[in-house]
Amino acid sequence: IYANLQRAFVYLLSFKLRVVGLALLVPLAGLPPFFQPVHLVWLELVIHPISALVFEAEPPPPDLMRHPPRPPGAPLVPRRAGLRGLLTGVFLMLAAAWAYAAHLREGVEYARSLGVAVLIAGSLLQVWAERSVPAPRTLRFWAVWGGVALSLPLFMYVPAIAGVFQITPLRLEDWALVVALSIAAIAWRAVPGFLGSARR
């Protein structure tokens, strides 16, 4: 439970950083707002809570009971884990902001669609990276993670929903860019010794 709470808090820290950063910094840069109010409601009430449920579905790592007891005064989020969450949030924020700003000339809705897609795809990759075991072994993990993954094309390709969210369906080449940017923002975590371990 303690380990899953740590991972959930690291994810929460990173998620809030990129959402608040995009909501504030993009308008301050003189660009049209990145989010519409309905996007923030959807992210906060759907994407974020469902993503956090993934950690509750996590099985314990095989060597969990071999770890020594934590000191009573140890922080819930260790400095290394907190820094990892902050950096992940910053890199994903920059990736989404670049996708948005670089494509504004093609229309605000199109640019916003790219930016939001990068934001959500990156969140999914972060959830995957924060796992405690090399491969998920529970049906609940796949059900929750897959539900979040399917929510992105659902709100983008169902006309009635897309109209409410002011989102434009993306093309195949757009998705290639979304995946590339999301992976680029997360890939540094795989570098050995560079804050990459989800257990610390």
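Here the structure is shown first, and the text comes after it.
All values reported here derive from a predicted model rather than from experimental measurement. (Residues numbered from 1 in each chain as written. Predicted model: local features only at pLDDT ≥ 70, side-chain atom pairs only at ≥ 80, totals over all residues. Heavy atoms only, no water.)

This next bit is on the overall build of the protein. Helix and strand counts for the protein stand at seven helices and zero strands. Each helix (α) and strand (β) of the protein, taken in turn from the N terminus, gives the series α-α-α-α-α-α-α. Scored against the burial criterion, the 200 residues of the protein give a buried share of 43%. Considering only intrachain contacts with a sequence separation of at least 6, the fraction spanning at least 24 residues in the protein is 79%. Summed over its atoms, the accessible surface of the protein is roughly 10,100 Å², and 74% of this surface lies on carbon and sulfur atoms. (Helix = DSSP H or I, 4+ residues; strand = E, 2+ residues; numbered from the N terminus. Buried < 20%, exposed > 50% of the residue type's maximum accessible area, 1.4 Å probe, protein only. Contact = heavy atoms within 4.5 Å. Areas by Shrake-Rupley, 256 points an atom, 1.4 Å probe, with all protein chains shown as cover.)

This part covers helix H4 (residues 108-129). Here H4 contains 22 residues, and its C-alpha end-to-end distance of 31 Å stays within 8% of the 32 Å for a straight helix at 1.5 Å per residue. Counting buried residues in H4 gives 17 out of 22 residues, a clear majority hidden from the surface. (Expected span 1.5 Å × (residues − 1).)

Counted according to the given criterion, the structure contains four aromatic pairs. With 4.7 Å between their ring centres and 80° between their planes, Phe-34 and Phe-35 make a pair best called edge-to-face. Judged by its relative accessible area of 1%, Phe-34 falls in the buried class. Judged by its relative accessible area of 7%, Phe-35 falls in the buried class. Pairing Phe-91 with Trp-188 gives two aromatic rings, centres 5.7 Å apart and planes at 75°, and the pair type is edge-to-face. (Phe/Tyr/Trp six-rings, centres within 6.5 Å; stacked < 30°, edge-to-face > 60°.)

Among the secondary structure elements, Val-90 is positioned in helix H3 (residues 79-102). C-alpha of Val-90 to C-alpha of Phe-15: the two residues are 75 residues apart in sequence and 9.6 Å apart in space.

Let us look at the environment of Ala-184. Here Ala-184 is to be found in helix H7 (residues 172-186). The sequence separation of Ala-184 and Ala-95 amounts to 89 residues, and the corresponding C-alpha distance is 8.3 Å.

Let's shift gears to the nonpolar core. With 39 residues, the main nonpolar core has Leu-43 and Phe-155 as its most contacted residues. Counting residues per element, this core draws most heavily on H4, which supplies 10 residues. The contacts of Leu-43, once residues within four sequence positions are left out, are Phe-15, Val-19, Phe-35, His-48, Pro-49, Leu-119 and Ile-120. (Core = buried A, V, L, I, M, F, W, Y, C linked by side-chain atoms within 4.5 Å.)

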